[in-house]
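Tertiary structure, described
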Amino acid sequence: MEGKTLFAGFGGQGILFAGKVLSYIGLIDDNNVSWLPSYGPEMRGGTANCSVCISKSPIGSPIVLEPENLIVMNIPSFKKFEASVCVGGNIILDSSLIKDSKSREDIFYYDIPATYLAKKNNLEKLGNIIMLGKFLKIIEYKDKETVVKGIEKSVSKKRKELIEKNIEAFEIGYNN
Amino acid sequence: MKTVFEKTKGLTDAITHYCPGCTHGISHRIVGEVLEEFEVLGKTVGIASVGCSVMSYDYFNVDMVQAPHGRAPSVATGVKRVLPDNIVFTYQGDGDLAAIGTGEVVHAAARGENITVIFINNGTYGMTGGQMAPTTLLSQVTQTTPKGRDKHNDGFPIRVCEMLSTLEGVVYAERTALDSPKGVMQTKRAVKKAFKSQIEKKGFSIVEILSTCPTNWGLTAVESLKWVEKEMTEYYPLGVYKDKTDKGVF
Amino acid sequence: MKKNTYLMKGNEAIAEGAIRAGCKAFFGYPITPQTEIAAYMSNKMRESGGVYLQAESEISAINMVLGAAATGTRVMTSSSSPGISLKTETISYIAASDLPCVIVDVQRAGPGLGGIQPSQADYFQVVKALGHGDFYCLVYAPSGVGEAVEIIHRAFDKADEYRMPVIILADGILGQMMEPVCFDDEIKQDKLVEKNWATSGHQEKRPPNIVNSLILNVNSLEQKIVDRFKKYEEIKLKEVMVEEYLVDDAEIVIIAYGSTARIAKTAVDSMRADGEKIGVLRPISLWPFPNDKIEEISKKVGNILVVEMSMGQMILDVKAVVEGRCKVDFCGRTGGNVPTPTEIIDKVSSIKRGD
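For the structure given in this document, a descriptive report is provided here. (Residues numbered from 1 in each chain as written. Chains lettered and ligands numbered in written order. Predicted model: local features only at pLDDT ≥ 70, side-chain atom pairs only at ≥ 80, totals over all residues. Heavy atoms only, no water.)

1. What to know about the overall build of chain A
Counted only if it meets this: Helix and strand definitions here come from DSSP, where helices need a minimum of 4 consecutive H or I residues and strands a minimum of 2 consecutive E residues; each element is numbered from the N-terminal end. For the radius of gyration, the atom set is restricted to C-alpha positions; the globular benchmark scales as 2.2 Å times the number of residues to the power 0.38. The buried label applies to any residue whose accessible area, calculated with a 1.4 Å probe on protein chains only, is under 20% of its type's maximum; exposed applies above 50%, and partly exposed to all values in between. Here, two residues are considered to be in contact whenever any of their heavy atoms come within 4.5 Å of each other. For the accessible areas, the method is Shrake-Rupley and the probe is 1.4 Å, while residue cover comes only from the protein chains on display. Under this rule, positive means Lys or Arg and negative means Asp or Glu; His and the chain ends count for nothing. The location of each charge is read from NZ of Lys, CZ of Arg, CG of Asp or CD of Glu.
Along its length, chain A carries six helices and six strands. Written out in order from the N terminus, the α and β elements of chain A read β-α-β-β-β-α-β-β-α-α-α-α. Computed over its C-alpha atoms, the radius of gyration of chain A comes to 15 Å, within 12% of the 16 Å expected for a compact globule of 176 residues. Across its three principal axes, chain A shows a C-alpha extent of roughly 40 × 40 × 35 Å. Here chain A, with 176 residues, has 56% of them falling under the buried criterion. A sequence separation of at least 24 residues applies to 56% of the contacts in chain A between residues at least 6 apart. As displayed, chain A has an accessible area near 8,000 Å², and 51% of this comes from carbon and sulfur atoms. When the 23 positive and 21 negative side-chain charges of chain A are each reduced to one mean point, those points stand 6 Å apart.

2. With respect to the overall build of chain C
Within chain C one finds 12 helices and 15 strands. Its C-alpha radius of gyration of 21 Å places chain C within 12% of the 20 Å reference for a compact globule of 355 residues. In terms of its C-alpha atoms, chain C occupies a principal-axis envelope of roughly 75 × 55 × 40 Å. Looking at chain C as a whole, 61% of its 355 residues are labelled buried. Considering only contacts in chain C between residues 6 or more positions apart, those separated by 24 or more positions represent 79%. Accessible surface computed for chain C: about 13,500 Å², of which carbon and sulfur atoms make up 49%.

3. A closer look at the pattern of salt bridges
Residue and element names in this part refer to chain B. Convention followed: A pair is scored as a salt bridge if a Lys or Arg side-chain nitrogen falls within 4 Å of a carboxyl oxygen belonging to Asp or Glu.
With the rule as written, the count across this model stands at 50 salt bridges over all chains. For lysine 192, the salt bridge identified is with glutamate 37, shortest N-O distance 2.7 Å. In this pair, lysine 192 is assigned in helix 7 (residues 181–199) and glutamate 37 in helix 1 (residues 24–37), connecting sequence segments 155 residues apart. Among the residues examined, lysine 192 registers a relative accessible area of 31% and is labelled partly exposed. In this structure glutamate 37 comes out as partly exposed when scored by relative accessible area, which is 40%. Of the charged contacts in the structure, one is a salt bridge between lysine 201 and aspartate 85, with a shortest N-O distance of 2.4 Å. Of the two residues, lysine 201 is situated in the loop between helix 7 and strand 8 (204–210) and aspartate 85 in the loop between helix 2 (72–82) and strand 3 (87–93); the sequence distance between them amounts to 116 residues.

4. Observations regarding the side chain of arginine 104 of chain A
All names here are of chain A. Put simply, the test is: Within 3.5 Å is the distance limit for a polar contact, defined as a pair of N or O atoms, with the added protein rule that one can donate a hydrogen and the other accept it, and that residues adjacent in sequence qualify only through two side-chain atoms.
Relative to the helices and strands, arginine 104 resides in the loop between strand 5 (90–94) and strand 6 (108–112). Polar side-chain contacts of arginine 104 include one of 2.7 Å to the backbone oxygen of valine 85. In this structure arginine 104 touches Glu82, Ala83, Ser84, Val85, Cys86, Val87 and Tyr109, once residues within four positions along its chain are discounted.

Here is the structure:
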């Protein structure tokens, strides 16, 4: 579970939210965690990203410059961050939005058409959690109960109806 | 011996620093009397502004806060919001309220802040020695308008009561003049009405008091009173500009 | 996960921490990257029965703080660099009137409108001259969300104890970052110190209280300031807060505060793994500054490296203490850029090479 993960995509894709769910999962598992978003005008329709650090030891810099995992949902972010992933790291990319060629051989690429799958399953705007599900599968995270708790903690109390849909999206990504 | 007249309990025994012929003393007395008559001296907090009236914190027999220049309405807001049942007033001159503090008074008024503003308009910066104020009349000579206020260079005097009375949050706005015994009595009625509306939590109230500054005007005390009556009231007509005291603003 | 642990942004946690510390009034104005404090307060402060008001300007907001503080109420405002500049006149009045309040500055890059990304370029302003005249404010610089919550509580206590403004100096990283914080369900309210100086109405039981900063007599004003500086001396003795991270055996010590100290720690961890003897000294209170600790270190090590998100401001205070006993180098980024651990490691390497 420990690791440095970067979520990146467009504002509105739920990038920050997916990072928050992962942070809560890390927290529930008794890790130190930090979640740091990009902020400012770039959020309004532009690119958005967030750094998530999960560690048994105290977290120093909360900024993920060389991610072990990059979860990416648009082309500009893919272009921007592909090179920064550390050797042996993972890129999970939304293949319904990113068709670019992959330029590195020292990292692992995992495609999932998250936005397409979200639409197809009537889970629009939940491509982010499908991506997260795929990521948790890749790192062989097995505790579904914690994932559900992480989702429950992350969803605003006023929007409880979204919890079930988020869990469904997670399952789709995890089992894809 | 029968007591026929007493100094109001609303003022301390401190001797004021105001110049001979200045009407600040009358305004102070009126405010003190009104607070005493409403029996609210014990729960009143006054806000002194910057200018001649800064030392009013020593003169009013109530708890006092001295505010930065122009910011008295904001300081009053801070006091009133945490002590909504207390009586809060600001005592501000024209430079303080209508120049550097224009934003503060406009927004306190717009919020319907339940405070009372005593606005002393004498058309000059008294404390610093008589420079042009936002209320200095056209052609009026001051230290910084040696040939008289020129509208082409200095713009036009601001009519505060007229301006603020357009705001929904203002429950009461009246302009009076301390140019005669009648004017003094009318001012007291206005101040009383303003504080009464605050006690009844009806919104923002302001009394603009046309006042003298013989020292900086270069006039005698009597000439100054006449100048208020003849020159100032022509540009600043007296009267009630807003009165929603029956229902309040909210 | 411990019970009652939440992931919260630094800004939100500071706001919640303030409410729990007995803050009853918040006056603010929107500015990135601190706006979440105001947004949180607009909801939770009202829920908890306190006062929230969005002022028409930064200037007005700090004057509302002055008014509420004069009544003895625990009150705060928050802003970011350009907004703090606007507040400075009144912060000087608040200090001169011996009023307690808490001001949060979530720094962004300057000068001017600058940028909205993190910065520590307001050290001079906040630590040295948060307004005109001879005065200081207590300045705390937390480096994590949990610590920020502890510090905001301390800030209110110290503001009341010493009757002075206390500043929380944060930056965009701390404000925007989420970390776990633990808040009990119940809010325990401390017994507050009695404020017999407050202007809340004399009830005809005492002479009027006056909150004032005007003293025209030169001797009286001098005496007032001298007395206030005696208080400052006491604060310097009692209120220094500093964290030492692997300093004991270090040959090189990095001095950094706030978010930058975390980045320095990451660099240090990496260098320690390579056998370097290096540590971090993190001032938590910037005023008072940890002079004694830095002096002690300067007698033991060959090099001090100051890391800041600025062109170098705190470094002047470090050099003033070190007095040439060891070398003092600087590593920093500005304009909203954040130094990376790699940049710090490279700087240390160059120091070791004697570049």
